[in-house]
Protein chains: 2
Amino acid sequence: MSEGAGKEVSIKRVFHALGDATRRAIVDRLSEGPASVSRLAAPLNITVTAVAQHLQILEECGLVHTEKVGRVRTCRIGTAGFAALQQWINDHRSSWERRLDRLEDFLDEEE
Amino acid sequence: MSEGAGKEVSIKRVFHALGDATRRAIVDRLSEGPASVSRLAAPLNITVTAVAQHLQILEECGLVHTEKVGRVRTCRIGTAGFAALQQWINDHRSSWERRLDRLEDFLDEEE
DNA sequence: TCAATACTGAAGTATTCACTTGACAATTAA
DNA sequence: TTAATTGTCAAGTGAATACTTCAGTATTGA
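Now for a quick tour of the structure. Note that the coordinates shown come from a computational prediction; the quantities given were computed from them, not determined experimentally.

## Let's talk about the side chain of Ser95 of chain B
All names here are of chain B.
And step 1. Structurally, the position occupied by Ser95 is in helix 5 (residues 80-101).
And step 2. Residue class for Ser95 comes out buried when judged on its relative accessible area of 7%.
And step 3. For Ser95, the side chain forms a polar contact with the main-chain oxygen of His92, separated by 2.8 Å.

## Things to note about the protein's contact with DNA strand C
And step 1. Taken together, the neighbourhood of DNA strand C is formed by 22 residues, with Arg23, Gln53 and His54 of chain A together with Ser38 and Arg73 of chain B sitting nearest.
And step 2. Looking at DNA strand C alone, sugar and phosphate atoms form 67% of those within 4 Å of the protein.
And step 3. One of the side-chain N or O atoms of Thr47 of chain A is found 2.8 Å from a phosphate oxygen in DNA strand C.
And step 4. Within the contact set of DNA strand C, a phosphate oxygen lies 2.4 Å away from a side-chain nitrogen or oxygen of Ser38 of chain B.
And step 5. When contributions to the surface near DNA strand C are tallied by element, the ones reaching two or more residues are helix 2 (21-31) and helix 4 (48-60) of chain A together with helix 3 (37-41), helix 4 (48-60) and strand 3 (72-77) of chain B.

## With respect to the sheet that holds strand 2 (residues 64-69) of chain A
Adjacent strands of a sheet pair through backbone hydrogen bonds, lying either parallel or antiparallel.
Residues and elements named next belong to chain A.
And step 1. The three strands lie next to each other as 1-3-2, forming an open sheet whose pairing is antiparallel. Each having just a single partner strand, strand 1 (35-36) and strand 2 make up the two edges of the open sheet.
And step 2. Of the strands in this sheet, strand 2 and strand 3 (72-77) touch helix 4, which is tilted by about 120° from strand 2.

## A short note on the pattern of salt bridges
Residues and elements named next belong to chain A.
And step 1. Taken as a whole, this structure holds four salt bridges over all chains when the rule is applied.
And step 2. Measuring nitrogen to oxygen at the nearest pair gives 3.7 Å for the salt bridge that ties Glu60 to Arg13. Placement of the pair is Glu60 in helix 4 and Arg13 in helix 1 (residues 11-18), with a sequence separation of 47 residues.
And step 3. Take Glu60: its relative accessible area is 43%, and that puts it in the partly exposed class.
And step 4. Judged by its relative accessible area of 44%, Arg13 is partly exposed.
And step 5. One salt bridge connects Glu97 with Arg93, and the closest N-O pair in it is separated by 4.0 Å. Separated by four residues within a single helix, Glu97 and Arg93 lie in helix 5 (residues 80-101), roughly one turn from each other.
And step 6. For Glu97, a relative accessible area of 38% translates into the label partly exposed.
And step 7. Since its relative accessible area comes to 24%, Arg93 is described here as partly exposed.

## A few points about the packing of aromatic side chains
And step 1. Overall, the coordinates contain six aromatic pairs over all chains when judged by the stated rule.
And step 2. Consider the rings of Phe15 of chain A and Trp88 of chain A, whose centres lie 5.1 Å apart with planes at 85°: the pair is edge-to-face. Of this pair, Phe15 of chain A sits in helix 1 while Trp88 of chain A sits in helix 5, and the two are 73 residues apart along the sequence.
And step 3. With relative accessibility at 0%, the residue Phe15 of chain A sits in the buried group.
And step 4. Cluster of aromatic residues (ring-pair linked, three or more members): Phe15, Phe82, Trp88 and Trp96 of chain A together with Phe15, Phe82 and Trp88 of chain B.

## A short note on the protein's contact with DNA strand D
And step 1. Taken together, 21 residues form the shell around DNA strand D, and within it Ser38, Arg71 and Arg73 of chain A together with Thr47 and His54 of chain B come nearest.
And step 2. Among all atoms of DNA strand D positioned within 4 Å of the protein, those belonging to sugar or phosphate total 68%.
And step 3. His54 of chain B places a side-chain nitrogen or oxygen 2.7 Å from a phosphate oxygen of DNA strand D.
And step 4. Separating a base oxygen of DNA strand D from a side-chain N or O atom of Arg71 of chain B is a distance of 2.8 Å.
And step 5. Mapped by element, the contributors of at least two residues to the surface near DNA strand D are helix 3 (37-41), helix 4 and strand 3 of chain A together with helix 2 (21-31) and helix 4 of chain B.
And step 6. The greatest single-element share of the surface near DNA strand D, amounting to four residues, is contributed by helix 4 of chain B.

## Considerations on unusual backbone geometry
Residue and element names in this part refer to chain A.
And step 1. One non-glycine residue, Asn45, lies in positive phi territory at about 60°.
And step 2. Within the secondary structure, Asn45 is located in the loop between helix 3 and helix 4.
And step 3. Accessibility expressed as a relative area gives 75% for Asn45, which makes it exposed.

What counts, and where the lines are drawn
- Residues numbered from 1 in each chain as written.
- Chains lettered and ligands numbered in written order.
- Predicted model: local features only at pLDDT ≥ 70, side-chain atom pairs only at ≥ 80, totals over all residues.
- Heavy atoms only, no water.
- Helix = DSSP H or I, 4+ residues; strand = E, 2+ residues; numbered from the N terminus.
- Buried < 20%, exposed > 50% of the residue type's maximum accessible area, 1.4 Å probe, protein only.
- Polar contact = N/O pair within 3.5 Å; in protein donor to acceptor, adjacent residues only side chain to side chain.
- Near = heavy atom within 4 Å.
- Pairing = 2+ DSSP bridges.
- Contact = heavy atoms within 4.5 Å.
- Axes fitted to C-alpha atoms, helices over the stretch in contact; angles between N-to-C directions.
- Salt bridge = Lys/Arg side-chain N within 4 Å of Asp/Glu carboxyl O.
- Phe/Tyr/Trp six-rings, centres within 6.5 Å; stacked < 30°, edge-to-face > 60°.

Shown next as structure tokens:
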């Protein structure tokens, strides 16, 4: 409601999307530059269909942006999902920094 | 292998843990201060057993730290999970900042 | 001692999830 | 036109997940 971007990203979806190893692998691959669906599928040992399903999830939460030109869908890193993620961390930072300051508890946790 | 803390936190588990709305609610509640298991369960409309199951997941990935004294298990925010999360974002920041710089693509995404 | 409190453990269930197969559509190349 | 490439759609499967209930175990208070 306050962002420049038109997409509303739910943090739940972002977390869920990144909870899957295959989807994180896709994000990692796209971090190095754009790629087609089949190019993404190649090193993953899963079908192109499965990759397309992952891409839909990644796109819905703003982690990936795709565009189809001709018969090729080109995928690249999105920004909204990452922004939402950083925002969530910022919103919670104070509580765990506060906890970090409490030395006894911290050492306790180290065991 | 390089952290001061003794816990190795898998980012997969952190993302998976935070992908659930109930677990995020628990984290939110604990951000305001420590609480017992039953105190956490009260506003959630689920059984104490379910909360205990969530707590185990949250503890395994370092988002929550718990300690049982007498018959009461006291839960508080952990730090390792949040650190792992921030680390993951830092590791990926360059790629999406690079993307943000590309104005045409960015505007394209707003659409 | 007796009962209430606070949690734990095992087992079951309904739903979600990551994947597959197989059939199809659209674009590009020969 | 024909054939290969690239992706999409629908439906199904097995495993994981978020719960539940029921039966227990400690701990605390009266």
